[in-house]
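Listed here are the chains, written in short residue letters.
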Amino acid sequence: MNANGTGNGNGALEGAVIAVAGAAGPAGRATLLRLAEAGAIVVASDADPTRLAEAVDAARYAHGGATVTGDTVDLLDLAATREWAAKTEKEFGRIDGLVHLVGGWRGSSTFAETDLADWDLLEKLLIRTVQHTSLAFHDGLLRSDRGRFLLISAAGASHPTAGNAAYAASKAAAEAWTLALADAFRKAGGDEGPKTAAAILIVKALVHDAMRAERPNAKFAGFTDVKELADAIAGVWERPAPEVNGKRLWLTPQP
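A few points about the pairing of strand β4 (residues 97-100)
Then comes step 1: Burial along β4 is two-sided: Gly97 and Val99 facing one way and Leu98 and His100 facing the other are all buried.
Then comes step 2: Sheet topology places strand β1 (residues 17-21) next to β4; 4 bridges connect them, and they run parallel. By the bridge assignment for β4, Ile18 is matched with Gly97.
Then comes step 3: Of the pairings in the sheet, the one linking β4 to strand β5 (residues 148-154) comprises 4 bridges and is parallel in character. The residue of β5 that forms the bridge with Val99 is Leu150.
Then comes step 4: Each parallel crossover has a hand, and for β4 linked through helix α4 (residues 116-143) to β5 it is right-handed.

As for the sheet that holds strand β3 (residues 68-72)
Then comes step 1: Read from one edge of the open sheet, 7 strands run β3-β2-β1-β4-β5-β6-β9, paired in parallel fashion. Of all the strands in the sheet, just β3 and β9 (248-250) have a single pairing partner and so form its edges. Averaged over all neighbouring strand pairs, the angle between strand axes comes to 20°, with direction disregarded.
Then comes step 2: Pairing between β1 and strand β2 (residues 41-46): 5 bridges, direction parallel.

A short note on helix α5 (residues 165-189)
Then comes step 1: An ideal rise of 1.5 Å per residue puts 36 Å on 25 residues; α5 measures up with 36 Å between its terminal C-alpha atoms.
Then comes step 2: Considered for burial, the residues of α5 that qualify are Ala166, Tyr167, Ala168, Ser170, Lys171, Ala174, Glu175, Thr178, Leu181, Ala182 and Phe185.
Then comes step 3: Each element contacted by the buried residues of α5 is listed here: α4, β5, β6 (197-203) and β9.
Then comes step 4: Immediately downstream of α5, the backbone of Gly190 shows phi near 65°, a positive value.

Conventions used here
- Residues numbered from 1 in each chain as written.
- Predicted model: local features only at pLDDT ≥ 70, side-chain atom pairs only at ≥ 80, totals over all residues.
- Heavy atoms only, no water.
- Buried < 20%, exposed > 50% of the residue type's maximum accessible area, 1.4 Å probe, protein only.
- Helix = DSSP H or I, 4+ residues; strand = E, 2+ residues; numbered from the N terminus.
- Pairing = 2+ DSSP bridges.
- Right-handed = clockwise from strand over helix to strand, strands pointing away.
- Axes fitted to C-alpha atoms, helices over the stretch in contact; angles between N-to-C directions.
- Expected span 1.5 Å × (residues − 1).
- Contact = heavy atoms within 4.5 Å.

Here it is as structure tokens:
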């Protein structure tokens, strides 16, 4: 397996138990496939049971013998999220990762036209779900010898534009929360350094095959393909925890 985590099993993800939140979208589907290919046991969740079942089935069929399961979880409910984490660890004996792919976007033409209802929605999708998953999986990830909490974020969090105030502020808050989790992992590691890591993968935006088919003349400059994102996610397990803990890992040129 190379440094990007590409290959078939026998690497850091072989036998690892990885939970994927927000697994039914294009990025989630690509991630389920990639993690299953690497030999991980994948536990997917999403609020949409139909799309989740389709994503889980696709990953199972693509990699015969892979263990890919799906749970419909309300990540806005802390108790339900804790129950999901506990159930996962009890069933598989360990929990080695949480990949946070819950997304959403709202914006406006100008700053003055910002609708604060957008903030109300994005605060739930982009911040509250991060809070709940990080709190629910914290202890289990610390018990792992290769625990990773991965947040997918956007370049706009550190370079907000006038029409993206609510979105950028939500992403920035989610990043700050994740960095606080990373500090907790650092402190738990003591003098030996962290063995569990929280990291942020940053993209400008994501693109997938259906988007290209819909807009064949678009260049999608600076966008990250969901398959490239999935490779980068898998690759984080190939790197030592101290190297990635508390880091922003840019998958697009920094503005």
